[in-house]
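An overview of the molecular structure
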Amino acid sequence: MNDEKPSLTAMMAAAARAAHLVVDEPPHIFTDHLAARLLGERAGELLGYHRLHGGHLILSGTRAQVTSRSRHAEDRLRRSGLTQYVSLGAGLDTFAQRAAGGRIRVIEVDHPATQEWKRRLLADAGMAIPEFLTLAGVDFEKEDLTARLRAAGLDLSRPAFVSWLGVSMYLTAEAISATLAAFAAFAPGSELVMEYALPAGARDEPGEEMAGYALPAAAERGEPWLSFHTPEEITALLAGHGLRVAEHVRQADIPAVAARTAPAPVSVDLCRLVVATPAG
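I will try to describe carefully the structure that is included in this document. Everything numeric in this text was worked out from a predicted model, so none of it was measured.

A separate point is the layout of surface pockets. If you add up the space inside the largest pocket, you get close to 690 Å³. Lining the largest pocket are 38 residues, and of these Gly89, Asp110, Gly166, Val167 and Tyr170 lie nearest its centre. Listed by contribution, the elements that provide at least two residues to the lining of the largest pocket are α1 (8-23), α4 (57-80), β1 (84-88) and β4 (161-164). It is α4 that contributes the most residues to the lining of the largest pocket, five residues altogether. Looking at side-chain class alone, the lining of the largest pocket contains 17 nonpolar, eleven polar and ten charged residues. Contributing to the lining of the second largest pocket are 27 residues, with Met12, Ala13, Ile58, Thr62 and Arg221 lying nearest its centre. Among the secondary structure elements, those contributing two or more residues to the lining of the second largest pocket are α1, α3 (43-53), α4 and α9 (205-220). For the lining of the second largest pocket, the per-class residue count stands at 19 nonpolar, five polar and three charged.

So this is what it looks like as structure tokens:
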């Protein structure tokens, strides 16, 4: 993450969520009807790539990755009944703008440059920051996450739902450990949905092929993938921080993905989700 520039990864993830609704056949995995609007003047260009080349593995695989992880996380959030939601590495997520009624208190955490950029995009799109949403700028590699969350209004005496999607692969082992340590101190009943990248040899064939495109491209734009884990390694890492694994989830096993009969987007086993809770 460049200290001065917003995340291109966040932009491409939003474009993939928007493109899913215009490129892929229904039933859709995830419906983010605000993503294209948030992208503003870049929407036409970014969605145009998916319209012209949407069958290419890197584009189809990205649509599958970002829609399936968001669907699983938001489904679990709704089932949990929790009323505090922390989105780590929120990027251009629109949950707070799509949520009705403000029953859930939302704290979006991301790099300050990305959040300032998001504020501008929201303003340009005529989309408000609702009262129940707080944007908390944090550099995961340098700052105390717990202190920033407390300052943003998180009640650490009450359980919270935490999504950590599309982030861990860009962080050092030290930053991942510090974030897990922070979550381990959350109140009992809290829940974490974390996305992690599989190492070479643990991916399926499309996953290896997609990694051949995605990893060099990420490094070239200044956002290299730094961390990779097998499910066994993630389980051990979480246990070492006092966290209990509830499930590991492949894209293809997410119900909304498994129910689809349309050929695209293509499920790729490059990244997986893990759901965990504090063991205490």
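Still more to cover.
One pass over the structure, following the stated rule, counts five aromatic pairs. Between Tyr170 and Trp225, the ring centres sit 6.1 Å apart and the planes meet at 75 degrees, which makes this aromatic pair edge-to-face. Of this pair, Tyr170 sits in the loop between β4 and α8 (173-184) while Trp225 sits in the loop between α9 and α10 (231-240), and the two are 55 residues apart along the sequence. Given a relative accessible area of 14%, Trp225 falls into the buried group. Judged by centre distance (5.3 Å) and plane angle (50 degrees), the rings of Phe183 and Phe186 are tilted. Residue classification places Phe183 among the buried residues on the basis of a relative accessible area of 4%.

Here we take up α3. Of all the residues in α3, the buried ones are Ala43, Leu46, Leu47, Gly48 and His50. Against the buried residues of α3 lie α1, α2 (35-39) and α4.

Take a probe with the size of a water molecule and roll it over the atoms, and the empty space left behind shows itself. Inspection of every chain in the model, using the stated rule, returns two cavities of 30 Å³ or more. Here the largest cavity defines a volume of roughly 70 Å³. Surrounding the largest cavity, Val86, Leu88, Leu145, Leu149, Val162, Trp164, Thr179, Leu180, Ala182, Phe183, Phe186 and Leu192 form its lining. Mapped onto the lining of the largest cavity, the elements with two or more residues apiece are β1, α7 (145-151), β4 and α8. Of all the elements, α8 adds the most residues to the lining of the largest cavity, at four residues. Looking at the lining of the largest cavity, its residues break down into eleven nonpolar, one polar and no charged. Lining the second largest cavity, in full, are Gln65, Ser68, Arg69, Glu195, Gln251, Cys271, Arg272 and Leu273. Those elements that place two or more of their residues in the lining of the second largest cavity are α4 and β7 (271-278). Classifying every residue of the lining of the second largest cavity gives two nonpolar, three polar and three charged.

All chains considered together, the criterion is met by 17 salt bridges. A salt bridge links Arg78 to Glu74, with the shortest nitrogen-to-oxygen separation between them at 3.4 Å. Linking Arg78 with Glu74, this pair stays in helix α4, spanning four residues, or about one helical turn. On the basis of relative accessible area, Glu74 is assigned to the buried category, the value being 4%. Residues Lys118 and Glu108 are paired through a salt bridge, measuring 2.6 Å at the closest nitrogen-oxygen approach. With Lys118 in helix α6 (residues 112-124) and Glu108 in strand β2 (residues 105-110), this pair connects stretches of sequence that are ten residues apart. In this structure, Lys118 and Glu108 share a single accessibility class: buried. Several salt bridges converge on common partners, so that one network encompasses Arg17, Asp32, Glu74, Arg78 and Arg98.

Calculation criteria
- Residues numbered from 1 in each chain as written.
- Predicted model: local features only at pLDDT ≥ 70, side-chain atom pairs only at ≥ 80, totals over all residues.
- Heavy atoms only, no water.
- 1 Å grid on protein atoms, 1.4 Å probe; cavity = no way out; pocket = protein on both sides within 12 Å on 5 of 7 lines; lining within 4 Å.
- Points joined across faces, edges and corners; volume = space filled by probe spheres on them.
- Helix = DSSP H or I, 4+ residues; strand = E, 2+ residues; numbered from the N terminus.
- Nonpolar A, V, L, I, M, F, W, Y, C, P; charged D, E, K, R; others polar.
- Phe/Tyr/Trp six-rings, centres within 6.5 Å; stacked < 30°, edge-to-face > 60°.
- Buried < 20%, exposed > 50% of the residue type's maximum accessible area, 1.4 Å probe, protein only.
- Contact = heavy atoms within 4.5 Å.
- Salt bridge = Lys/Arg side-chain N within 4 Å of Asp/Glu carboxyl O.

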